[in-house]
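Observations on the model geometry
The residues making up each chain are set out below.
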Amino acid sequence: MERRTVLKAGLVAPAAVTGSALAAAPADARPRLGGTLATGLDYPWGLDFLPGGGALVSERNSGRVLHVRPGGGATVAGVVPDVHNDGGEGGLMGVAVSPTFSRDRWVYFFLTTPSDNRIVRIRYVDGRLSGAPHPILTGIPSDSTHNGGGLWFTSYPSLFATTGDTRNSALAQNKGSLAGKVLRLKPDGTAQRGNPFGNRVYSFGHRNVEGITVDASGRLWASELGENTWDELNRILPGRNYGWPRVEGTDRAGGFRDPLVQWHPADCSPSGVTTLHGRAWVGALRGECLWSVDIDGRGLRRKTRYFHGTFGRIRNVKRAPDGSLWLTTSNGGGTDKVLRVTFG
Ligand SMILES: [Ca+2]
């Protein structure tokens, strides 16, 4: 049993939940800091909201899972066993709450173990992780870097998972490998019906995809870390080849699927992605900012940078049920925070 720990937390105004919150803010609304929800974290990575309020947040290196309350404050819900971080990018990464959580209490985690990357599900009952992890997909290649780690559930339900090439770029073009892919799974980890290649692979030719989300129109978006030239925001379509390692960024000849936008890695290095108000919101690690990209309307592809240098490296960004955004920083040393961003 893990000790239940109350962490330091800043105060924020209670979240006002209104049905019109998602539609009310104009497309050019400026994001502003609405409060600090939790402090004293160490490399928070995954984040997903619970039906009853608040979110579960994973810590990459420690394997801890924290429950962060909507009004601020966090408690440790448990520790996922067998998490392996060798000082690189692996560890406890994506978190996804089951779309039928009220019935089954499952929470899904993407993690690096000493032998692989895998996806497990663990029950979350009365504020705590309960019982042993149930692996649903094991044997995803792992390495010190390029481990992917993103999870996103649709209500269908399909579980999308993102993987990295584990520094073996040829695997990204191998449709029989789980590395360098966007995967589409049933909740039990098997291939979803109708997948383009009859296996778990949904799209391929990826170097390292950490962020994945579905927007209000049902479009699937993923952020991708490039090597030296271009980072990408991609609309993901089934069966398409996103180019790695043949091309980074926009392809001018080879017939690969182009990103909606691209950045130099020093400006972005994207991890989490979410959508709100007709824009994709991308957390930037090296770029130390929050990017927005217009995904609809006349401003399509317009990139706008917010909070540059304000919070350091940003790992994750998720739209909350109340129409705010929750961000997590990735600066280490026990200094990391969960922040709430509102619009005004
Ligand atoms: Ca690409």
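Criteria and cut-off values
Residues numbered from 1 in each chain as written. Predicted model: local features only at pLDDT ≥ 70, side-chain atom pairs only at ≥ 80, totals over all residues. Heavy atoms only, no water. Core = buried A, V, L, I, M, F, W, Y, C linked by side-chain atoms within 4.5 Å. Buried < 20%, exposed > 50% of the residue type's maximum accessible area, 1.4 Å probe, protein only. Helix = DSSP H or I, 4+ residues; strand = E, 2+ residues; numbered from the N terminus. Contact = heavy atoms within 4.5 Å. 1 Å grid on protein atoms, 1.4 Å probe; cavity = no way out; pocket = protein on both sides within 12 Å on 5 of 7 lines; lining within 4 Å. Points joined across faces, edges and corners; volume = space filled by probe spheres on them. Nonpolar A, V, L, I, M, F, W, Y, C, P; charged D, E, K, R; others polar. UniProt positions renumbered as here; feature names shortened; annotations may be inferred. Donors = N, O, S within 2.8 Å, 3.2 Å for Na, K, Ca; no water. Pairing = 2+ DSSP bridges. Axes fitted to C-alpha atoms, helices over the stretch in contact; angles between N-to-C directions.

In the annotation of an unreviewed UniProt entry, the entry for the protein chain reads PQQ-dependent sugar dehydrogenase, and the organism field reads Nocardioides panacis.

Focus: the nonpolar core
Within the largest apolar cluster, 19 residues are counted, with the highest numbers of intra-cluster contacts made by Y108, I119, L137, L151, L159 and L183. Looking at this core, the elements with two or more residues in it are β6 (92-97), β7 (106-112), β9 (128-140), β10 (151-153), β11 (159-162), β12 (181-185) and β13 (201-204). Beyond its immediate stretch of four places on either side in the chain, L137 contacts N117, R118, I119, L178, L183, L185 and R200. If you look at the next biggest cluster of nonpolar residues, it comprises 16 residues, including L50, V80, L111 and I122.

A few points about empty space enclosed by the protein
Counted under the stated rule, the structure contains two cavities of 30 Å³ or more. Approximately 110 Å³ is the volume found for the largest cavity. What lines the largest cavity is a set of 16 residues, and nearest its centre among them are W45, G150, E210, N316 and K318. Listing elements by their share of the lining of the largest cavity, those giving two or more residues are β2 (44-49), β6, β14 (209-214), β18 (270-276) and β22 (314-319). Looking at the lining of the largest cavity, its residues break down into six nonpolar, seven polar and three charged. Reported here for the second largest cavity is a volume of approximately 60 Å³. What lines the second largest cavity is G205, R207, E224, L225, G226, W230, D231, E232, Y242, W244, V247 and E248.

Section: the UniProt feature "domain: Glucose/Sorbosone dehydrogenase" (unreviewed entry) in the protein chain
The sites that UniProt annotates as "domain: Glucose/Sorbosone dehydrogenase" (unreviewed entry) are residues 41-334. This span, residues 41-334, is 1% helix and 43% strand, and a straight line between its end C-alpha atoms measures 5 Å.

Quick notes on the coordination of the calcium ion
Listed as protein donors to the calcium ion are E232 (OE), E232 (OE) and Y242 (O); their distances from the metal cover 2.3 to 2.5 Å. Of this pair, E232 sits in strand β16 (residues 231-235) while Y242 sits in the loop between β16 and β17 (261-263), placing them 10 residues apart in sequence. When its relative accessible area of 3% is taken as the criterion, E232 is described as buried. Relative accessible area serves as the criterion here: at 1%, Y242 is assigned to the buried category.

Observations concerning the sheet that holds strand β23 (residues 325-329)
Spatially, the four strands line up as an open sheet ordered β1-β24-β23-β22, and their pairing is antiparallel. On the outer flanks of this sheet lie β1 (31-41) and β22, each paired with one strand and no other. The sheet shows a mean angle of 20° between the axes of neighbouring strands, direction not considered. Strand direction decides the pairing type here: β23 and strand β24 (residues 336-343), joined by four bridges, are antiparallel. By the bridge assignment for β24, L325 is matched with V341.

Looking at the sheet that holds strand β15 (residues 220-224)
In spatial order, the strands read β14-β15-β16-β17; together these four strands make up an open sheet with antiparallel pairing. At either margin of the open sheet sits one strand with a lone partner, and together these are β14 and β17. Taking the axes of each pair of neighbouring strands and ignoring which way they run, one obtains an average angle of 15° across the sheet.

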